[in-house]
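These are the residues of each chain, in order.
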There are 2 protein chains.
Amino acid sequence: MKSIRSFVFTLLLFLSLGLCAQQTEHPCLILTKQVVEQIRPNLGTLPVFDNTVQEMQRKIDRIMDLPIDLPQPKDAGGGYSHEQHKRNYTAIYQAGVLYQLKGDKKYAEYVKQMLFAYAELYPTLPLHPVQKSNYRGRLFWQGLNESVWLVNVSQGYDCVYNYLTEKEREQIETGLFRPMIRFFREENRKTFARIHNHGTWAVAAVGMISYVMGDTDMVEQSLYGPDKDGKGGFMKQIDQLFSPDGYFEEGPYYQRYSLQPFLMFAQAVDNNEPERKIFEYKDGVLLKAVTTLLQLTEQNGQFFHLNDALDKTWHTNELAWGVDIAYAKTGNKQLLSIAREQGSVVISEAGWKTAQDMALAEPFVHRTLIVRDGPDGDQGGIGVLRDGKGKDEVAVVMKYTSHGMGHGHFDKLSVSYYDNDREILQDYGAARFLNIEPKNGGHYLPENDSFCKHTISHNTVTVDGKSHFNYDMKLSSEHAPDFYGFVDTDEVKMVSAKDKYAVAGVEMHRTVWLLRHPLFDRPVTVDIFRITSAEKHRYDLPFYFLGHLMRTNYPYEAFTTQRALLGESNGYQHLWVEAKGKAENNLIATTFLNGNRFYTISSLADDQTEVYLNRIGGTDPDFNLRHEPAVMLRREEAANHTFVNVIEIHGEYNPRMEYTLDPYATVQSIRLVSDTADYTVAEIGTQSGKSLRIYLSNNNSDAEATHTFEGYSWKGVCSIQ
Amino acid sequence: MKSIRSFVFTLLLFLSLGLCAQQTEHPCLILTKQVVEQIRPNLGTLPVFDNTVQEMQRKIDRIMDLPIDLPQPKDAGGGYSHEQHKRNYTAIYQAGVLYQLKGDKKYAEYVKQMLFAYAELYPTLPLHPVQKSNYRGRLFWQGLNESVWLVNVSQGYDCVYNYLTEKEREQIETGLFRPMIRFFREENRKTFARIHNHGTWAVAAVGMISYVMGDTDMVEQSLYGPDKDGKGGFMKQIDQLFSPDGYFEEGPYYQRYSLQPFLMFAQAVDNNEPERKIFEYKDGVLLKAVTTLLQLTEQNGQFFHLNDALDKTWHTNELAWGVDIAYAKTGNKQLLSIAREQGSVVISEAGWKTAQDMALAEPFVHRTLIVRDGPDGDQGGIGVLRDGKGKDEVAVVMKYTSHGMGHGHFDKLSVSYYDNDREILQDYGAARFLNIEPKNGGHYLPENDSFCKHTISHNTVTVDGKSHFNYDMKLSSEHAPDFYGFVDTDEVKMVSAKDKYAVAGVEMHRTVWLLRHPLFDRPVTVDIFRITSAEKHRYDLPFYFLGHLMRTNYPYEAFTTQRALLGESNGYQHLWVEAKGKAENNLIATTFLNGNRFYTISSLADDQTEVYLNRIGGTDPDFNLRHEPAVMLRREEAANHTFVNVIEIHGEYNPRMEYTLDPYATVQSIRLVSDTADYTVAEIGTQSGKSLRIYLSNNNSDAEATHTFEGYSWKGVCSIQ
């Protein structure tokens, strides 16, 4: 085994003799000599490319008027020295690129002076004085920023490489880049070898500067780990951190961020050693990661709020890398419409091609799909059901992924729901005001741990008031739910998953449909959450709706003069109980208005089901949470229990023309016709006196299987009649 | 006196011999024969006019395919019979207009058949069965709708007048219009004679159909009251309901609605009897009313939420009448940009001219201004201070109007504040979900009376927990605050008013500035609220801020596990107390984030000033209120007291580019240097160690007066140094 590996490495070493420093062809990393020659005579012909260059030039020209400023590292994120060293790496990168494109030596000279200054400063630096991270840098309080710095600066250096004399290069490499490589490779070997986003930035940084310097051995270490044994390094990271469908386990918000070093370094590898076919690696997973990420958004490109997530859209700058590179590699014209929305391109061959082809843009089409999680795709996933277009695009998201590392939440089988350009049933995402110093220095807020990560803050079932896996991340990381079924036809879209790990002794099986049906004007969502257990438990299922409550079909006691909390721990302490009620006629229906549309959540309720109207904001001394509402179904003392919910969009509120249509729901009744280990059959009755039935096989999701229930036969996991 | 009046009326009668029925020139009301002849050959040349006509035709052609439907009157607003009779008047109006423009007899025939049907139905109708109004109609549950019906139908009738034979006209007039006139003129004489919006619709309806029928006497009664003595009728309504500045006392939301019958009927008068110079009456107040209304909006055209108000913008259809007529009469090209936003025009000479000139549109300019209230302009008013353009347009609104009749609120000297395309310090407006049946039938909600009208729901001072005028509308209608001062220069904009009626024995003097000052990056608002009283009282001053709380500079006790109400009555029962604190260093500063900007309200606080963080939503069993926050200053046991507040816009939150600027306020201290009957002098200290002083004369607002305080002299009511 070991000898085969050596052979492979020797072979790779042989292949890598094409590395750019030897060839003295510079730039070689992202921008290449060849593409610079192609771009230069054609500058001024592609508006989006020119705008990007001009914007860059406008900024850097202003900065170059100021004296070079390398403050002694002192501050954490947001502080002066931190922000100035960030500004410097951008300036080095941009000046380098402009030197290549414009040929004006003042830019090269600026880069040279900057690098000289850093080569002088860097060797004198101890570890950063702010001790908040285990992975401290020298310029920055955390090593992560140090690697981002080097990823950018290596590109600037590459651009002026041939402008410098050999002596100048030696001065810079000896003073700056060699010590930096040593910092990552030796002093932080653990991070360098780690299968983690911090590791990716580290190997990308070391790999890229090593390409520029022609250090093939260090490139190898970046790709295959410090021992070049493939146990660490970039290739292993691609293997481990992306599922075969291109999903990054922390969720879309962090995938957006993590993708950047993968794509930058992969582009550098591809430019220098195309024979590695890096973009084809693992069935082209790096390119899939781009399109998968783009699919994990609502209609306006906002990433679903899974796990720790803030508001971010595909317009974000770091995603330009993904979009441009994926377009250049795949020719998928839908990516061009996103590039157009981004309004800028990467200064590279991929960006140039994207700019050239902009006019060919096709609308980006959101699809109904499932995305598998886990390196081998067997650790659950995400189901996205969609119908409609534009403002009428409905998206139902079901999350049945693995935990998602440090940014994961304990919300197996949770759903969220979008319509009319808005989030309607929300996933709260993270409690954080990024970069806002007065809010805990811009870091995650305590309520992120005490509320947002807990099960009760999500649209899924909490058992006995305890979060899934009892909030134990280690345990939660060991198990993911099991995918059960997926249907995608014009009329019926469905995703189904089961979990037997999150709560000991309790099996949960949730199936969500998005249906087009003649009884409903708009797509209707049906949600069957089936719980089986030998023991009795309390089951809480909240829906965090956004909008103004319009009507309930149930009487309730409203706590109008005093207000208390839903509970004391596990996130319950962050919920005020505003009202509490019980169903009449076995149906709990809550109607709310969001934008110009009404929504009703109708739920089957037996005589023992209670309904709570809650509001986020309890135990929130610093006002860190958004005070938004939820309706919660509670079933005490149940062993087996099945929740059946229907979510309708109905009517229209038009204040300009002063009319209102259909403020009342269509659903009038929900009945469980049968609910066994084999089949769940639910009947939904409507205002018109008609009804539809949902037939679901609980133990065979084979699309070809034939099922029979009380004389009715159908093929496949479910049927709607 | 009487004989002079008779003479005038004889003269007017003589002048009015030009009425259209005699001339047999039809149409004569809004659309005239002359303008139809001008439009017909030019149809197809003006997009906005053609779109309006085509949209009309598209709708009416579809309706004309259905059988005529005149249901027996049965339902209240929103119900079938109500809505169908509304659809019918629109159909009669539109078909009439299309007959004139297109000459296709099918439209005239449709109007004829409709009118025949109504002429048969109407005489058989008793009063409407729904008894919710003192002013019941026959077709509608309230007479108001009946007059709106006739205003529209009279235009349709006018358009087909010459298509009908004399016998057909007699049949229609005898069966329908004469009984309807009798309904308004005889059976509801009180409303017909009343100086009130219902009266305006009634006289407009009667006056317009009388023009068509050539009934000069009834036109006179519409203009001068049932006794033609000028005590009632349209002219008196213009006199009484509009201030000399064109302000309608109920506030902008209702002014928008009320304006329509005024302008329609005035247009009819002007077309038939131009010699009355109706648009010049009372110094052209009807046209001023249009531009004044347009000024009472924030940057996107949303009307300020004064009194009972919902969200409405100048895009609303009924305002097209105002904009088109005012443009045709004044040639003010700023109105064209609003007409363009409206996207449709009135089918009339004014609409045609507006459409013709659309390309000349100039941007509508929001001004700093004061608007006087009261028939003679001496019942207080509204001050609007503005700075900046587009998204940076800041508007500070101070309300010191008269009560505003049934839709008025008890909020003397209240302020609201806009920036960045948003309402930042809100006036709650009304608690109502218009036309949403499940919310109290779409009517005003109980909380409108119990919260929204009360003083405590507004950004002004409540004394001893009681609303102004002790919530007595009759009393409140007798007094308005006194205007004190107004300044409008590039750097200093200011409005000031005093009230000594709202709370017995308490004088309130509020002055608000919008300043450009080198110590602040953006316009800064200063607010001095000076209270004098011989007795001790409790003073509560809330600010209903919209946004997420970021930071306070004061320690507070947060009620995180239990929550209680601020009080038991006068609106206090609708406020939860979330936290309570006290100032350190005599400054209370509350910073919040709204959109991408930070705002800080900094207030002078003596040792006895408490601060409350409240939230709307207590005692709200039906979830009718929006659960939004407020910060409230409370000073117990004070006789004289002066609140000094500074509202700053600062910094930027940019989640896309991931940076934050200036999340901390500039103001560091506020000091009252002096506060006497003569002068109030406040000093505002900033982060940079610098300060500015506000000098205010409390008893002489003459712009030419010279003042001296401790050796510093200035001219005019105030000075900033």
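About the thresholds
- Residues numbered from 1 in each chain as written.
- Chains lettered and ligands numbered in written order.
- Predicted model: local features only at pLDDT ≥ 70, side-chain atom pairs only at ≥ 80, totals over all residues.
- Heavy atoms only, no water.
- Helix = DSSP H or I, 4+ residues; strand = E, 2+ residues; numbered from the N terminus.
- Buried < 20%, exposed > 50% of the residue type's maximum accessible area, 1.4 Å probe, protein only.
- Contact = heavy atoms within 4.5 Å.
- Lys, Arg positive; Asp, Glu negative; His and termini not counted.
- Charge placed at Lys NZ, Arg CZ, Asp CG, Glu CD.
- Core = buried A, V, L, I, M, F, W, Y, C linked by side-chain atoms within 4.5 Å.
- Salt bridge = Lys/Arg side-chain N within 4 Å of Asp/Glu carboxyl O.
- Pairing = 2+ DSSP bridges.
- Axes fitted to C-alpha atoms, helices over the stretch in contact; angles between N-to-C directions.
- Parallel < 35°, antiparallel > 145°, perpendicular 65-115°, else oblique.
- Left-handed = near helix turned anticlockwise from the far one by under 90°.
- Buried area = accessible area lost by both parts, 1.4 Å probe.
- Least-squares fit on C-alpha atoms with pLDDT ≥ 70 in both.
- Disulfide = S-S within 2.5 Å.
- pLDDT = per-residue confidence, 0-100.

Draft legend 1. A look at the overall build of chain A. Of the regular secondary structure elements, chain A holds 19 helices and 28 strands. Projected onto its principal axes, the C-alpha positions of chain A cover 85 × 60 × 55 Å. Burial statistics for chain A: of 721 residues in total, 64% are counted as buried. Across chain A, every contact between residues at least 6 apart in sequence was considered, and the portion connecting residues at least 24 apart equals 66%. Treating the 74 positive side-chain charges of chain A as one cloud and the 92 negative ones as another, the clouds have centres 2 Å apart.

Draft legend 2. Main features of the nonpolar core. Counting residues in each nonpolar core, the largest one holds 147 residues, and the members touching the most others are A:Phe49, A:Trp149, A:Tyr157, A:Phe177 and A:Phe234. The residues contacting A:Phe49, other than those within four sequence positions of it, are A:Ile39, A:Leu43, A:Leu101, A:Val345, A:Val346, A:Ile347, A:Ser348, A:Gly351, A:Trp352 and A:Ala355. Judged by nonpolar contacts, the second largest core, of 145 residues, contains B:Ile30, B:Leu115, B:Tyr118 and B:Val160.

Draft legend 3. Structural context of the pattern of salt bridges. Following the criterion strictly, the structure yields 83 salt bridges over all chains and no others. The salt bridge partner of B:Arg189 is B:Asp227, with a shortest N-O separation of 2.8 Å. Taken together, the residues span a long stretch of sequence, with B:Arg189 in helix 9 (residues 189–193) and B:Asp227 in the loop between helix 11 (216–224) and helix 12 (234–241) at a distance of 38 residues. On the basis of relative accessible area, B:Arg189 is assigned to the partly exposed category, the value being 32%. Assessed through its relative accessible area of 46%, B:Asp227 is described here as partly exposed. With a closest N to O distance of 3.4 Å, B:Asp283 and B:Lys288 form a salt bridge. Here the salt bridges do not stand alone but share partners, grouping A:Arg256, A:Lys312, A:Glu318 and B:Glu658 into one network.

Draft legend 4. How the structure looks around the sheet that holds strand 1 (residues 369–372) of chain B. Residue and element names in this part refer to chain B. If you trace the five strands from one edge of the open sheet to the other, you get 1-2-3-4-5, paired in antiparallel fashion. Two strands lie at the open edges of the sheet, namely strand 1 and strand 5 (422–425), each paired on one side alone. Sheet twist, expressed as the average angle between the axes of neighbouring strands with direction ignored, equals 20 degrees. Looking at chain direction, strand 1 and strand 2 (residues 381–387) are connected through four bridges and run antiparallel. In the sheet register, Leu-369 faces strand 2, and the bridge partner there is Val-384.

Draft legend 5. Main features of the packing of helix 10 (residues 197–213) of chain A against helix 13 (residues 252–272) of chain A. Residue and element names in this part refer to chain A. The geometry of helix 10 relative to helix 13 is characterised by a closest axis approach of 9 Å and an angle of 25 degrees between their N-to-C directions. Between helix 10 and helix 13, the angle falls in the class roughly parallel. For the crossing formed where helix 10 meets helix 13, the hand is left-handed. Only Tyr-257, Ser-258, Gln-260, Pro-261, Phe-262, Met-264, Phe-265, Ala-268, Val-269 and Asn-272 of helix 13 make contact with helix 10, whose side of the interface consists of Asn-197, Thr-200, Trp-201, Val-203, Ala-204, Gly-207, Met-208 and Tyr-211.

Draft legend 6. Fine view of unusual backbone geometry. Along the chain, A:His26 connects to A:Pro27 via a cis peptide bond; the corresponding omega equals -5 degrees. With respect to the helices, strands and loops of the structure, A:Pro27 is situated in the loop between helix 2 (20–23) and helix 3 (33–39).

Draft legend 7. The arrangement of the interface of chain A and chain B in detail. Contacts between the two partners involve 54 residues from chain A, matched on the other side by 54 residues from chain B. Where chain A abuts chain B, roughly 4300 Å² becomes buried across the two surfaces, and 55% of that area is made up of carbon and sulfur atoms. The interface formed by chain A and chain B includes four salt bridges. For A:Arg256, the salt bridge identified is with B:Glu658, shortest N-O distance 3.8 Å.

Draft legend 8. Representation of the environment of B:Ala91 in the model. Residue and element names in this part refer to chain B. Note on placement: Ala-91 falls in helix 5 (residues 80–102). Along the primary structure Ala-91 and Ile-684 are separated by 593 residues, whereas in three dimensions their C-alpha atoms are 62 Å apart. Discounting residues that sit within four places of it in the chain, Ala-91 has contacts with Ile-60, Ile-63, Tyr-110 and Met-114.

Draft legend 9. Examining the environment of B:Asn470 more closely. Residue and element names in this part refer to chain B. Within the secondary structure, Asn-470 sits in the loop between strand 6 (462–463) and helix 19 (473–476). Asn-470 sits in the exposed class, given a relative accessible area of 53%. Between the C-alpha atoms of Asn-470 and Thr-455, which are 15 residues apart in sequence, the distance is 9.5 Å.

Draft legend 10. How the structure looks around helix 16 (residues 334–342) of chain A. Among the residues of helix 16 of chain A, A:Leu335, A:Leu336, A:Ser337, A:Ile338, A:Ala339 and A:Gln342 are the ones counted as buried. At the exit of helix 16 of chain A stands A:Gly343, carrying a positive phi of roughly 75 degrees.

Draft legend 11. Examining the relation of the copies chain A and chain B more closely. At an RMSD of 0.1 Å, chain A and chain B line up after a rotation of 180 degrees and a shift of 0.0 Å along the axis. Both chain copies can therefore be described as sitting about a two-fold axis. The position closest to the rotation axis in chain A is occupied by the C-alpha of A:Arg563, lying 2.6 Å away. Interface overlap between copies is the fraction of interface residues in one copy that are interface residues in the other; for chain A against chain B it reaches 100%, indicating a shared surface.

Draft legend 12. Region of interest: the state of the cysteines. According to the stated counting rule, one finds zero disulfides over all chains in the structure shown. Free cysteine: A:Cys159, not disulfide-bonded; nearest cysteine sulfur from A:Cys28 at 9.4 Å.

Draft legend 13. Up close: the sheet that holds strand 1 (residues 369–372) of chain A. Residue and element names in this part refer to chain A. Ordered in space as 1-2-3-4-5, the five strands form an open sheet in which the pairing is antiparallel. The open sheet is flanked by strand 1 and strand 5 (422–425), the only strands paired with a single partner. Across the sheet, the mean angle from the axis of one strand to that of its neighbour is 20 degrees, orientation sign disregarded.

Draft legend 14. Just the confidence of the model for chain A, in detail. Summarising the model, chain A shows a mean pLDDT of 95, and 97% of its residues fall at 70 or more. Between residues 8–18 of chain A, whose pLDDT stays under 50, and residues either more than four places distant or in other chains, the model counts 18 contacts.

Draft legend 15. A look at the environment of B:Leu335. All names here are of chain B. Looking at the secondary structure, you find Leu-335 in helix 16 (residues 334–342). Residue classification places Leu-335 among the buried positions, given a relative accessible area of 0%. Put simply, Leu-335 and Ala-117 are 218 residues apart on the chain and 41 Å apart in space, counted from C-alpha to C-alpha.

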